[in-house]
Structure formats: C-alpha cells, structure tokens
Amino acid sequence: MGRIVLHMDLDYFFAQVEESDRPEYLGRPVVVCIYSGRDTTSGVVSTSNYEARRYGVKSGLPIRTAMRKLKGTDAAFIPARHERYAEVSQKVMETLARYGEKFEYVSIDEGVLEITKASDDDYGKAERIALAAKQEIREKTGLTCSIGVGPNRLIAKIASDFRKPDGLTVVKPDEVEGFLAEMDVGKIPGVGAKTREVLNAAGIRTIAQLRDAEPGFLAEAFGKKTGGWLINAARGIDESEVGAQQGEQKQISRIMTLKRDTRDVDEIMDAMEELIRDIGKEVLENKLTFRAVGASVVDETLRTHSKSRTLPRPAEDAAQIGRAARELFAAIAAETKTAFRRAGVKVEGLASAKGQKTLGEY
Ligand code: DCP
Ligand code: CA
Ligand code: CA
C-alpha cells in the first residue's frame, strides 16, 4: 500500500490576514512591512497581496523601493502583526489536522498531513478531503490556501505551489514523472539559487534533465549524499515520514484592544484579567502544562513589542500566567516610550499534563 500526503500553504498569508481583518484594504495593493525602526520608511517587505505583486512588490524588497513602485496607487503599507498571524495560523492548523491521521506543522503558513487511511488510499477521496479542508479553513478563518496531494511529502509540497492562489493539485503516482519533467530544477524544495546555478552551468535546467544526469557528476559537484538526494528528488522519490504531532498546539494566545491607549501596567493587567483566565481555562480543559509565558503590546504607532519568559518548571495555573505577564508588561514598558493600544498574553511550550506525570514516574 502506498501513501497519500497532503501539503497546505496559505496564500499571501500575512497580507491576506490584513485584508480579511480590514475589508477596506480589499482591492488595494497591500504591503506588510517589517520596519527596522531606524526611520519611518526603513525596513523590508514581509509579503504583499497579489495586487501589489503585479507592481513587482514582493517579500524581501526594501520598503522604500516598494513605495516607489506603488507610487500613485492607493496601496496600504502595514506593519507586521506576528501575534495575530500566529493566532490565525493556529486556528488553520487545528482545523487541518483533523482531516488526517498524522499532522506536522511545517511553518507559520504550511502544514503537512498524512491522509492514507483517511482516504482509504483512494485519490478521489483524497481530493474530496482536500476540498473539505479548504472549505472549513475558509469558514473558520476567512482565508484561502493552496493544497497539493501526492504519494509523498515532496510531491505534495511541489503540487501545493503549482496552482495559486486557492489552488488544488492532485498528483497520482503514475502522474509523478510527467508532472515533474518540464519543471525548473529550482522547484525542488531545497534547491536554492546556488545549486540551481551549478546545475544550469552543466546544462541541467529541467527536472527531467536532472533525473537523467550523470550520478558521478552530481556526487562530485555536491557530495555523495546531496547528489543522491537530488536524483531521488528528480524521480519524485521521498521516503520521509509525516511527523506524528497529531495537530498538537504550540501555544495558546489572546490579544485585545485596550479601552484607551495606556502605559500603566496596573491598567493593562486589569484589562488582561479575563483574557488570562480564559487561557488558564483552555490549559486546564485540554489537560496541558506550559513552559513559558509571553506578553506583547501593539503601540500607538502600530509597532509590536513582546517579551517572553521560560518558567523553572512546567506550570498549569492561571495565577502563574498573571504573575509572569505583569513582570513582562513592566519590562516592556521600561524599554519603550509610546502608549499601548493592544495587549496580549500567551503560553508556550505546551505539553500534555498526563505525559508530564508519566515522565516524572521514571
Ligand atoms: N515571510 C516574510 N519574509 C519573507 C518570506 C515570507 O516575512 N522573506 C512571511 C510572510 C508570508 C509568510 O511568511 O506571508 C509565508 O511565506 P510564503 O513564502 O508562503 O509567502 P506568502 O504566503 O506571502 O505568499 P504565497 O501566496 O506565494 O504563498
Ligand atoms: Ca504561503
Ligand atoms: Ca509558505
């Protein structure tokens, strides 16, 4: 029996969250920025929506260059809000994880799911699972994603990138060779600009050409291990397992807008009381422990400041979240001058409380 693997990648993720949180951005070029803080326009573009990409604005570009390219448009330049993206990501991953038997969190906007059993090893059913997952992710978060389905992680990942945005590409085992053949070698995840350049210099541009390359040449150019991996990748072979994390959460976080902008720690903690109780409740209900507490604020200039602290041992009660959060907010206030508009708290390093006990019994 083969395997069926599903790879999900959210479309223009940070920018799409901004669009869905602020409908007034819809239809306009949206540029999510990571400001360096040196002055009001220094920093780089984190990502942009498709309207902005049409003007050549993409990840990594200096903000000033993006501004020049978008001059005369009604583009929105927005500071990145990582807390918010992490919160949305978590909701997406929880939703996705339920559609398969094994889930692995790959990055803030990517997850891999093994659906061999869930689909009875049937690609028709696998496609229906992918459509259902896309629909539920859309209902729960308002976001679109692109999904690839294939006989292993490598093919699923390449397929997820094949049609974007809101794409779904299913590659059956007997379609793998044809699917890859004419693709640029750079489409193989892990083949970066440097590797691609060396391959191109040897006349290898497509994956089919890589598949037929001299193994001796590849071993010489990249080492035996990487050379062997390249040939396997070109053949669409990838034996790596999908991690058995079962959609386990990485963190629980809450954030809210304060009634008025403030820097007063007591006032912030008053506002945080219910939110912290909420996190504590979720920790207890899911029988979890946490290893670290984080606090973050968004100031009046929409910049985010955050701090976190690892606890001496795993904890489970809300009082500990409160104590740590108060110190963290005080530390943030000590290092900043602006007033805070939003404030949030999170717990990280989650483990199942039951698992903890078992460990202690050794
Ligand atoms: N990101 C970033 N800086 C980069 C690349 C990415 O801050 N140089 C962030 C912003 C992206 C997110 O990571 O929204 C996911 O990265 P992707 O490469 O998947 O890009 P997008 O999701 O933005 O776009 P696409 O629709 O092409 O997947
Ligand atoms: Ca993405
Ligand atoms: Ca991605």
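Residues numbered from 1 in each chain as written. Chains lettered and ligands numbered in written order. Predicted model: local features only at pLDDT ≥ 70, side-chain atom pairs only at ≥ 80, totals over all residues. Heavy atoms only, no water.

Moving on to the layout of surface pockets. Counted as a void, the largest pocket has a volume near 470 Å³. Lining of the largest pocket is provided by 23 residues; of these, Asp-9, Lys-157, Ser-160, Asp-161 and Lys-164 occupy positions nearest its centre. Among the secondary structure elements, those contributing two or more residues to the lining of the largest pocket are strand S1 (5–10), helix H1 (13–21), helix H2 (50–53) and helix H6 (153–160). Among the elements that make up the lining of the largest pocket, the one with the highest residue count is H6 (3 residues). When its residues are assigned to classes, the lining of the largest pocket shows 10 nonpolar, 4 polar and 9 charged. Estimated volume of the second largest pocket: approximately 300 Å³. If you trace the second largest pocket, you find 17 residues lining it, with Ala-80, Arg-81, His-82, Arg-303 and Thr-304 closest to the centre. Broken down by secondary-structure element, the contributors of at least two residues to the lining of the second largest pocket are strand S2 (30–35), helix H4 (82–97) and strand S11 (304–315). Its residues assigned to classes, the lining of the second largest pocket shows 7 nonpolar, 6 polar and 4 charged. (1 Å grid on protein atoms, 1.4 Å probe; cavity = no way out; pocket = protein on both sides within 12 Å on 5 of 7 lines; lining within 4 Å. Points joined across faces, edges and corners; volume = space filled by probe spheres on them. Helix = DSSP H or I, 4+ residues; strand = E, 2+ residues; numbered from the N terminus. Nonpolar A, V, L, I, M, F, W, Y, C, P; charged D, E, K, R; others polar.)

Here we take up the packing of aromatic side chains. In this structure the tally under the stated criterion is 5 aromatic pairs. On the basis of an interplanar angle of 90° and a centroid distance of 5.1 Å, the ring pair of Tyr-12 and Tyr-50 is categorised as edge-to-face. Residue Tyr-12 is found in the loop between S1 and H1, and its partner Tyr-50 is found in helix H2; the two are separated by 38 residues along the sequence. Look at Tyr-12 and you get buried, because its relative accessible area is 14%. Relative accessible area serves as the criterion here: at 24%, Tyr-50 is assigned to the partly exposed category. Put simply, the rings of Phe-13, Phe-14 and Tyr-85 touch in pairs and so form one group of aromatic residues. Its end group placed over the ring of Tyr-50, Arg-53 keeps NZ or CZ at 4.7 Å from the ring centre. (Phe/Tyr/Trp six-rings, centres within 6.5 Å; stacked < 30°, edge-to-face > 60°. Buried < 20%, exposed > 50% of the residue type's maximum accessible area, 1.4 Å probe, protein only. Lys NZ or Arg CZ within 6 Å of the ring centre and 35° of its normal.)

Turning our eyes to something else, we now look at the pattern of salt bridges. Summed over the entire model, instances satisfying the criterion amount to 30 salt bridges. The closest approach of N and O atoms between Glu-110 and Lys-157, which form a salt bridge, is 3.0 Å. Of this pair, Glu-110 sits in strand S6 (residues 110–114) while Lys-157 sits in helix H6, and the two are 47 residues apart along the sequence. Its salt-bridge partner being Lys-307, residue Glu-335 comes within 3.1 Å of it at the nearest N-O pair. Note that Glu-335 is positioned in helix H13 (residues 318–335) and Lys-307 in strand S11, a separation of 28 residues in sequence. Exposure remark for Glu-335: the relative accessible area of 57% places this residue in the exposed category. In the salt-bridge network here, residues are joined through shared partners; they are Glu-18, Asp-21, Arg-81, Arg-84 and Glu-87. (Salt bridge = Lys/Arg side-chain N within 4 Å of Asp/Glu carboxyl O.)

Coordination of the calcium ion (ligand 2) by the protein comes from Asp-9 (OD), Leu-10 (O) and Asp-109 (OD), over a distance range of 2.1 to 2.3 Å. Its 6 donor atoms give the calcium ion (ligand 2) angles of 78 to 168° at the centre, a pattern that matches the octahedral case. Along the chain, the residues that donate to the calcium ion (ligand 2) are spaced as D-L-x98-D. In this structure, the calcium ion (ligand 2) lies 3.5 Å away from the calcium ion (ligand 3), the two metals sharing Asp-9 as a donor. (Donors = N, O, S within 2.8 Å, 3.2 Å for Na, K, Ca; no water. Tetrahedral: all angles 85-135°; square planar, octahedral: opposite > 155°, others 65-115°.)

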